[in-house]
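The lines below spell out each chain.
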Amino acid sequence: MDADAIVVGAGLAGLTATAELARAGRRVLLLDQEPESNLGGQAFWSFGGLFLVNTPEQRRMGIRDSRELAWQDWLGSAFFDRGVDDPAGEDYWAYRWAQAYVEFASGEKRSWLHGLGVRWFPLVGWAERGGYLADGHGNSVPRFHVTWGTGPAVVAPFERRVREAADSGLAGLRFRHRVDELTVTGGIVDGVRGAILEPSRAARGTPSSRTVTGEFELHAPAVIVTSGGIGGNLDLIRENWPDRLGAAPDRMICGVPEHVDGRMLAIAEQAGGRLVNRDRMWHYTEGIQNWDPVWARHGIRILPGPSSLWFDARGRRFPAPHFPGFDTLGTLAAIRATGFDYSWFVLTQKIIEKEFALSGSEQNPDLTGKDIKLTLSRVRPGAAAPVEAFKRHGADFVVARTLPELVAGMNKLTAEPLLELADLERQIVARDREIDNPFTKDLQVMAIRNARRSRGERLARTAAPHKILDPKAGPLIAVRLNILTRKTLGGLQTDLSGRVLGPASADTGPRPVPGLFAAGEVAGFGGGGMHGYRSLEGSFLGGCLFTGRQAGRAVARETGA
């Protein structure tokens, strides 16, 4: 044996599992097909948002949260319906991972990370607001805790522990090692086989060479697959696209680099692993083309506040609850029902200054760089510099003094001029009339006023209600929104120790594949899909942390002798 364990994938789940194994004194090899510049995977690029429940940050903002409320929200969003009580069901372990995760997020998650040096921005964000009934989809309260330092600060403590383990000889870092096969002897997964790729100096996220310079074969009593999802593989996304979201889009932009290709899903399945909930996925509707791209078709997501008016490609305003930041997949289905791959935000300068944030560590230099002075500018007049840069240079932005000029600019961005000035003006004027009173029948205006009852929203996230056509709030801004690929919600089915399960037999439920474990997105963030159909947000990074920790500790126990 070459080690006590092999971890395939050097993203956040892989780093967490490796750190736990080394902490227990186990020898571990961490493999990744990409160069060392990509250590930390997609977590490095993230905004660093974490789903936490009943925290000091929430209480300081006057938010009353509880495990019971969080579990109610989780169930209303997940809508588990595939054999929750049947050991052979696709949702059997997903449901149990969800229970364990909400318990973790309500309990030791914050103290564990705090002990590792992680800190959070004091204003708690309100993602996925739902807009349905109390037991339906969405977060009842703000729970999105942005890490001080964003994604790199989430990665940092685990990278540090892994590098310390490498220095001590407990961990071996093998970059440019592409796993092509899991070796199986007597029904037990006992190693990996693959290709050594030529050295690469490719910067993080950029394409690296696929030239093969050699082969390798390594063996260990346990292999943990932490290779991520399918967000960079448009063919695989289309192959698994669910009918409930309409037809698969002809055009999408990518929220992850090309190497997020989903290869290890098929490789683990070939070794006996069971793939479940293949049709569950998470793609964003507020994608914009990056004017300064790192990878092919590079898209950035707008993290919107609730005030922008949302129109389909023909200029029809979406009905409740398809408002900005309320129901990602519900709005995605509504967009696809129009037959188009894009939609529009129409807003004002006053709204963009208060409500637009951009996903990604590189788009938030104030938070990522832990620059207090620059961060304070978020509560002052003016939009953040990265937002203004997109407004000036972004291919999807139109800025105009008047609505006729705005509509003309919007029609120039599309293959055919679908928008009618009179129809768009009618809808905007009707909405603006609803601002004259503190009460209204317009549910989006209600939602804006509800949001501003939260201290954090009022301070830095939701603009004061105003008329879109008020010149004092201008200029007018339109943003063409693209479908942005991102996360896989299904994957390898695992038990609560991270052991990959095999196909169910006629007389028993799925049994573990000996020697094979999985964590992170490749395992549907736990159990093959702990989010069910929808995410409450902030739970992707947390899912990588939790599953990586569980799998790492389980393998440490199994290899203790």
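Each remark here, short or long, concerns the structure printed above.
Everything in this summary refers to the structure shown in the same document. (Residues numbered from 1 in each chain as written. Predicted model: local features only at pLDDT ≥ 70, side-chain atom pairs only at ≥ 80, totals over all residues. Heavy atoms only, no water.)

1. Re the overall build of the protein chain
Step number 1: When you go through the protein chain residue by residue, the secondary structure sums to 19 helices and 21 strands.
Step number 2: Against the compact-globule benchmark of 24 Å for 561 residues, the protein chain has a radius of gyration of 23 Å, which places it among compact chains.
Step number 3: Expressed as lengths along the three principal axes of its C-alpha atoms, the size of the protein chain is roughly 75 × 50 × 50 Å.
Step number 4: In the protein chain, which comprises 561 residues, the share counted as buried stands at 62%.
Step number 5: In the protein chain, which carries 68 positive and 64 negative side-chain charges, the distance between the mean positions of the two groups comes to 6 Å. (Helix = DSSP H or I, 4+ residues; strand = E, 2+ residues; numbered from the N terminus. Rg over C-alpha atoms; globule rule 2.2 N^0.38 Å. Buried < 20%, exposed > 50% of the residue type's maximum accessible area, 1.4 Å probe, protein only. Lys, Arg positive; Asp, Glu negative; His and termini not counted. Charge placed at Lys NZ, Arg CZ, Asp CG, Glu CD.)

2. A short note on the pattern of salt bridges
Step number 1: By the definition in use, this model includes 38 salt bridges.
Step number 2: With a closest N to O distance of 2.9 Å, Glu 36 and Arg 163 form a salt bridge. Of this pair, Glu 36 sits in the loop between strand E2 (28-32) and helix H2 (41-45) while Arg 163 is found in helix H7 (residues 150-168), placing the two residues 127 residues apart along the sequence.
Step number 3: What makes Glu 36 partly exposed here is its relative accessible area of 39%.
Step number 4: Its relative accessible area of 30% is what places Arg 163 among the partly exposed residues.
Step number 5: Among the salt bridges present, the one from Arg 143 reaches Asp 65, with a minimum N-O distance of 2.7 Å. With Arg 143 in the loop between helix H6 (108-115) and strand E4 (144-146) and Asp 65 in the loop between helix H3 (56-60) and helix H4 (67-78), this residue pair connects regions lying 78 residues apart in the sequence. In this structure, Arg 143 and Asp 65 share a single accessibility class: buried. (Salt bridge = Lys/Arg side-chain N within 4 Å of Asp/Glu carboxyl O.)

3. Notes on the packing of aromatic side chains
Step number 1: Scanning all chains against the criterion turns up 24 aromatic pairs.
Step number 2: Seen from their ring centres, Trp 282 and Tyr 284 are 6.2 Å apart, and the 85° between their planes marks the pair as edge-to-face.
Step number 3: By relative accessible area, Tyr 284 is classed as buried at 3%.
Step number 4: Each member of the aromatic cluster is reached from another via a ring pair, and the members are Phe 51, Trp 74, Trp 97, Tyr 101, Phe 104, Trp 112, Phe 158 and Phe 546. (Phe/Tyr/Trp six-rings, centres within 6.5 Å; stacked < 30°, edge-to-face > 60°.)

4. Observations regarding unusual backbone geometry
Step number 1: Following Ala 320, the chain continues to Pro 321 via a peptide bond in cis, the omega torsion being 0°.
Step number 2: Its location among the elements puts Pro 321 in the loop between strand E14 (309-311) and helix H10 (328-337).
Step number 3: Its identity is not glycine, yet Phe 525 carries a phi of approximately 60°, on the positive side.
Step number 4: Considering the arrangement of structural elements, one finds Phe 525 in the loop between strand E21 (512-518) and helix H19 (539-558).

5. Focus: the pairing of E2
Step number 1: Burial within E2 is extensive, with 5 of its 5 residues counted as buried.
Step number 2: Covered by surrounding structure in E2 are Val 28, Leu 30 and Asp 32 together with Leu 29 and Leu 31, the residues of both alternating faces.
Step number 3: Handedness of the crossover joining strand E1 (residues 5-8) and E2 through helix H1 (residues 12-23) is recorded here as right-handed. (Right-handed = clockwise from strand over helix to strand, strands pointing away.)

6. Some points on H10
Step number 1: Extensive coverage of H10 is indicated by the burial of 8 of its 10 residues.
Step number 2: Within two residues after H10, Gly 339 carries a phi angle of roughly 90°, on the positive side.

7. Digging into the sheet that holds E21
Step number 1: Spatial ordering of the open sheet is given by E5-E2-E1-E9-E21-E20, a layout of 6 strands whose pairing is mixed. Edge strands, defined here as strands with exactly one partner in the open sheet, are strand E5 (171-175) and strand E20 (499-501). Strand-to-strand twist across the sheet, computed as the mean angle between neighbouring axes with direction ignored, equals 30°.
Step number 2: Bridge count for E1 against strand E9 (residues 223-225) is 3 bridges, and the pairing is parallel. Bridge pairing links Val 8 to Val 225 in E9.
Step number 3: Contacting E1, E9, E20 and E21, H19 crosses the sheet at an angle of about 140° to E21. (Pairing = 2+ DSSP bridges. Axes fitted to C-alpha atoms, helices over the stretch in contact; angles between N-to-C directions. Contact = heavy atoms within 4.5 Å.)

8. Considering the nonpolar core
Step number 1: Ranked by size, the top nonpolar core spans 104 residues in total, and within it Ile 6, Trp 74, Leu 182 and Val 192 carry the most contacts.
Step number 2: In terms of residue count, H19 provides more of this core than any other element does, 9 residues in total.
Step number 3: Beyond its immediate sequence surroundings of up to four residues, Val 192 is in contact with Ile 6, Val 8, Leu 31, Val 179, Glu 181, Leu 182, Thr 183, Phe 216, Glu 217, Leu 218 and Val 223. (Core = buried A, V, L, I, M, F, W, Y, C linked by side-chain atoms within 4.5 Å.)

9. Quick word on the sheet that holds strand E8 (residues 212-219)
Step number 1: Ordered by their spatial adjacency, 3 strands build an open sheet running E6-E7-E8, and the pairing between neighbours is antiparallel. A strand with exactly one partner marks an edge of an open sheet, and here the two such strands are strand E6 (177-185) and E8. Strand-to-strand twist of the sheet, defined as the mean angle between neighbouring strand axes without regard to direction, takes the value 20°.
Step number 2: Bridge count for strand E7 (residues 188-197) against E8 is 7 bridges, and the pairing is antiparallel. Note that in E8 the partner of Ala 195 across the bridge is Glu 215.

10. Notes on the environment of Phe 340
Step number 1: Structurally, Phe 340 can be placed in the loop between H10 and strand E15 (342-348).
Step number 2: Judged by its relative accessible area of 17%, Phe 340 falls in the buried class.
Step number 3: Along the backbone, Phe 340 and Asp 312 are 28 residues apart, and their C-alpha atoms lie at a distance of 8.2 Å.
Step number 4: Residues within four places of Phe 340 in sequence aside, it is in contact with Ala 313, Arg 314, Ile 335 and Leu 418.

11. Let's talk about the packing of H4 against helix H5 (residues 92-106)
Step number 1: Where H4 meets H5, the closest approach of the two axes is 10 Å, and the angle between their N-to-C directions is 145°. Remark: the crossing between H4 and H5 carries right-handed chirality. Every residue of H5 that contacts H4 at Arg 67, Ala 70, Trp 71, Trp 74 and Leu 75 is listed here: Tyr 95, Ala 98, Gln 99, Tyr 101, Val 102, Glu 103 and Ser 106. (Left-handed = near helix turned anticlockwise from the far one by under 90°.)

12. With respect to the environment of Arg 534
Step number 1: Along the chain, Arg 534 turns up in the loop between E21 and H19.
Step number 2: Judged by relative accessible area, which is 24%, Arg 534 ranks as partly exposed.
Step number 3: C-alpha of Arg 534 to C-alpha of Phe 79: the two residues are 455 residues apart in sequence and 8.1 Å apart in space.
Step number 4: Setting aside anything within four residues of it in sequence, one finds Arg 534 in contact with Ser 77, Ala 78, Tyr 132, His 137, Trp 282, Asp 327, Leu 329, Gly 330 and Leu 489.

13. Some thoughts on the pairing of E21
Step number 1: Burial analysis of E21 places 5 of its 7 residues in the buried class, which makes it a mostly covered element.
Step number 2: The pairing of E9 with E21 spans 3 bridges and is classified as parallel. Residue pairing in the sheet places Val 225 in a bridge with Ala 518 of E21.
Step number 3: Two strands pair when backbone bridges link them, and E20 and E21 are joined in this way by 2 bridges, in the antiparallel orientation. Paired with Arg 499 across the two strands is Phe 517, which belongs to E21.

What is shown is where atoms sit, not what they do.
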